[in-house]
Amino acid sequence: MQDKRVHPRVQLEIEVSCLRKEGGAVGGVTSNVSMGGMFVETGEILPFGTEITIELTLTGVALQLPGVVRWAKPGGFGVQFGLLGAKETHTIAKMLKG
């Protein structure tokens, strides 16, 4: 099977909080992150299309990343980031370079 991902991913475990647009939060841990999104490992699966804001600290910088759940499976869900600001883009790019 061919990998259709546009952005390279980095294996990374960071605690995150996923805040739903309509209220409530889901905690989890990332397993990989790219410039376009991330996978969140969690026991509570959010449905496709759920709009969230992911709160996390990356390389010492507190970030709030807008996103949408694009797929889910037992154990977690994939998030596609929305429009990121300069701080968020720079911080993720810096982390991806190592």
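Here, the structure is the one placed above.
Residues numbered from 1 in each chain as written. Predicted model: local features only at pLDDT ≥ 70, side-chain atom pairs only at ≥ 80, totals over all residues. Heavy atoms only, no water.

(A) View of the pairing of strand β4 (residues 37-41). Counting buried residues in β4 gives four out of five residues, a clear majority hidden from the surface. Taken together, the four bridges between strand β3 (residues 25-33) and β4 define a ladder with antiparallel strand orientation. Residue pairing across strands places N32 opposite F39, the latter belonging to β4. Hairpin connection of β3 to β4: three residues between the antiparallel strands. As paired strands, β4 and strand β7 (residues 76-81) are joined by five bridges and run antiparallel to one another. Along β7, the bridge assignment pairs F39 with G78. (Buried < 20%, exposed > 50% of the residue type's maximum accessible area, 1.4 Å probe, protein only. Helix = DSSP H or I, 4+ residues; strand = E, 2+ residues; numbered from the N terminus. Pairing = 2+ DSSP bridges.)

(B) Summary view of the pattern of salt bridges. Scanning the entire structure with this criterion turns up two salt bridges. Across the salt bridge formed by R20 and E44, the nearest N and O atoms sit 2.3 Å from each other. Of the two residues, R20 is situated in strand β2 (residues 15-20) and E44 in the loop between β4 and β5 (51-58); the sequence distance between them amounts to 24 residues. We classify R20 as partly exposed; its relative accessible area is 23%. On the basis of relative accessibility, which here comes to 38%, the residue E44 falls in the partly exposed class. (Salt bridge = Lys/Arg side-chain N within 4 Å of Asp/Glu carboxyl O.)

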